[in-house]
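Here is what each chain is made of, one letter per residue.
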Amino acid sequence: MATLQSYLMVTAILFGLGLFVVTTRRNAVGVLMGVELILNAASINFVAFAHFRGNDVAGNMFSIFIIVLAAAEAAVALALVISLFRQFGTIDVEEATTLKG
Amino acid sequence: MLKDLVFLGTAVFTIASAATVAFSRNILYSGFALLGTFAGAAVFFILLSSDFVAVTQVLIYVGGVLILVLFAIMLTSKIGDMNITNRSINYKIAIPLLLLFLGMLTQLMSGGSWDFGEEKFQSMVVPIGNGLLTEYLLPFEVISIALLGALVGAVVIVRREIK
């Protein structure tokens, strides 16, 4: 039951939901949540491949680095969201069109 | 047997909370549902014998990223009109994209052989500790500098201009 393929199925669904969130949300924080879902799916995949290859250490390293980079990305992105809110009074990504030509 | 049951329960729980993140109309509920997804991922890490990664996941995602996300929600939306804070657009693009992507993945997974058999649980703390100080020392240092730069950058972005 808990084979590599079943892990791949679960993470594919997680990744798909994340992709759906990123493409459909108007709220900038919502888009960020989609990115977190995608990163989580990728890091579970790394660890699953490492485990079924005989507990390889490289996959674990990759997923630790993914987690750290996700934390850095979340900090910067939320800072951007807050400054967007200060500038426009909304965090709707459709409203921030100052750079539109 | 027990492992399979735990896997199945965690899979259902994780996907259900991810679906709540995706389809809830209230952004605050999406934020809280993200907690379920992160916790489910931590259980997956333990099942995959990566106990260290599971603890890191709980500490950084649940303790850090999720709190940041909730802070951002509370700071940027007016509590009064909370019900329509998470509207969706672009279904015409999103659904074909999703179907294309899932089709590609199932195509990839149905070909080839994926029979790796069962693996025993084995704690990965000692190999990770050794790896971080020998083979992966350079990436470790580089990522610490990247993290520092990102945090300083975040502070610079949100601070108010002093004239």
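Residues numbered from 1 in each chain as written. Chains lettered and ligands numbered in written order. Predicted model: local features only at pLDDT ≥ 70, side-chain atom pairs only at ≥ 80, totals over all residues.

Trainee: Looking at this model, I keep getting lost on the nonpolar core. Mind explaining?
Mentor: One broad trend across soluble globular proteins is that nonpolar side chains are buried collectively. In this structure, Val29, Met33, Leu37 and Val47 of chain A together with Phe45 and Val69 of chain B are the most contacted members of the largest nonpolar core, which totals 59 residues. When residues of this core are traced back to their parent elements, those giving at least two are α1 (4-24), α2 (28-52) and α3 (57-88) of chain A together with α1 (2-23), α2 (27-47) and α3 (51-76) of chain B. It is α2 of chain A that contributes the most residues to this core, 13 residues altogether. When neighbours within four sequence positions are excluded, Leu37 of chain A is seen to be in contact with Leu14, Leu17, Gly18 and Val21 of chain A together with Ala18, Val21 and Thr37 of chain B. (Core = buried A, V, L, I, M, F, W, Y, C linked by C-beta atoms within 7 Å. Buried ≥ 20, exposed ≤ 12 C-beta atoms within 10 Å, placed from the backbone. Helix = DSSP H or I, 4+ residues; strand = E, 2+ residues; numbered from the N terminus. Contact = placed C-beta atoms within 7 Å.)

Trainee: Looking at this structure, I do not really get the interface of chain A and chain B. What am I missing?
Mentor: Note: interface size is frequently given as the accessible area lost on complex formation between the parts. Contacts between the two partners involve 55 residues from chain A, matched on the other side by 71 residues from chain B. Among the elements of the structure, α1, α2 and α3 of chain A are those that each provide at least two residues to the side of chain A that touches chain B. When residues of the side of chain A that touches chain B are assigned to their parent elements, the largest contribution, 21 residues, is made by α3 of chain A. For the side of chain A that touches chain B, the residue count by class is 39 nonpolar, 13 polar and 3 charged. (Nonpolar A, V, L, I, M, F, W, Y, C, P; charged D, E, K, R; others polar.)

Trainee: I would appreciate a short explanation of the domain arrangement of chain B in the present structure.
Mentor: Here chain B is partitioned into domain 1 (1-97) and domain 2 (125-163). Distance between the C-alpha centres of domain 1 of chain B and domain 2 of chain B: 24 Å. (Domains from an automatic or database assignment.)

Trainee: Explain α3 of chain B to me, please; I cannot follow it from the model alone.
Mentor: Residues spaced three or four apart along an α-helix point in a common direction, a consequence of the helix completing one turn every 3.6 residues. If you check α3 of chain B, its first and last C-alpha atoms are 36 Å apart, about what 26 residues at 1.5 Å a residue would give, namely 38 Å. Most pronounced at Tyr61 of chain B, the bend in α3 of chain B amounts to some 30°. Taken residue by residue, α3 of chain B has Val53, Ala54, Thr56, Gln57, Tyr61, Val65, Leu66, Val69, Ala72, Ile73 and Thr76 of chain B as its buried positions. Considering only its buried residues, α3 of chain B is in contact with α2 and α3 of chain A together with α2 of chain B. (Expected span 1.5 Å × (residues − 1). Bend = angle between axes of the 7 residues up to and from the residue.)

Trainee: Just checking my understanding: could you explain the packing of α3 of chain A against helix α6 (residues 137-158) of chain B for this structure?
Mentor: Helix-helix packing is described using two parameters, namely the angle between the two axes and the distance between the axes. At a minimum axis distance of 8 Å, the contact between α3 of chain A and α6 of chain B shows a crossing angle of 10°. Regarding the angle of α3 of chain A to α6 of chain B, the classification is roughly parallel. Seen from α3 of chain A, the contacting residues are Phe65, Val68, Ala72, Ala75, Val76, Ala79, Leu80, Ile82 and Ser83 of chain A; seen from α6 of chain B, they are Pro139, Ile143, Ala146, Leu147, Ala150, Leu151, Gly153, Ala154, Ile157 and Val158 of chain B. (Axes fitted to C-alpha atoms, helices over the stretch in contact; angles between N-to-C directions. Parallel < 35°, antiparallel > 145°, perpendicular 65-115°, else oblique.)

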